[in-house]
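Read off the chains here:
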Amino acid sequence: MLPLRSETPPPPANLDFGLAPDDAAPNVAQLKADIDAGRTGDKAPHGDIGAAPLGTCEEAGGAPPTPQEVREARRYRAAPSVRAAMDPHGERSFVMPLFWATAGSMAGLVALGLVFFPG
């Protein structure tokens, strides 16, 4: 058995759910498939097992989303500008090195303070 890395989701989330087909009257299951496939840029492409499927609350409240609303959500969620805004390592690749440099320098200052002012 291979050890899991932090980027590897545990089963059943490691299964490839694929892309949802386009349809004239899309439903929330297709929107969830787009999100799980990483097409919307919201999260890494892997399945997400939820306690309540997407759209359950709206349906229980008596106002399920219409196919037109789902079509708009699928279109706008998959927009390139949305995916670009969700890219944590694209244009902002300096953030983590800056974080570690700051954390390291703070630790170094604390260590120097303990050396020169031990008491």
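Coordinates for the structure precede this section.
A brief look at the structure comes next. (Residues numbered from 1 in each chain as written. Predicted model: local features only at pLDDT ≥ 70, side-chain atom pairs only at ≥ 80, totals over all residues. Heavy atoms only, no water.)

Before going further, it helps to examine the environment of Gln30. On the secondary structure map, Gln30 appears in helix 1 (residues 28–36). Separated by 11 residues in the primary sequence, Gln30 and Leu19 place their C-alpha atoms 8.3 Å from one another. Excluding its chain neighbours within four sequence positions, the residues that come into contact with Gln30 are Ala20, Pro21, Asp23, Ala25 and Arg74. (Helix = DSSP H or I, 4+ residues; strand = E, 2+ residues; numbered from the N terminus. Contact = heavy atoms within 4.5 Å.)

By the element assignment, Asp34 lies in helix 1. Judged by relative accessible area, Asp34 falls into the buried class, the value being 1%. Within the structure, the side chain of Asp34 is placed 2.6 Å from the side chain of Arg74, a separation counted as a polar contact. Among residues more than four places away in sequence, those in contact with Asp34 are Ala20, Arg39, Thr40 and Arg74. (Buried < 20%, exposed > 50% of the residue type's maximum accessible area, 1.4 Å probe, protein only. Polar contact = N/O pair within 3.5 Å; in protein donor to acceptor, adjacent residues only side chain to side chain.)

Everything listed is a geometric property; what it means functionally is a separate question.
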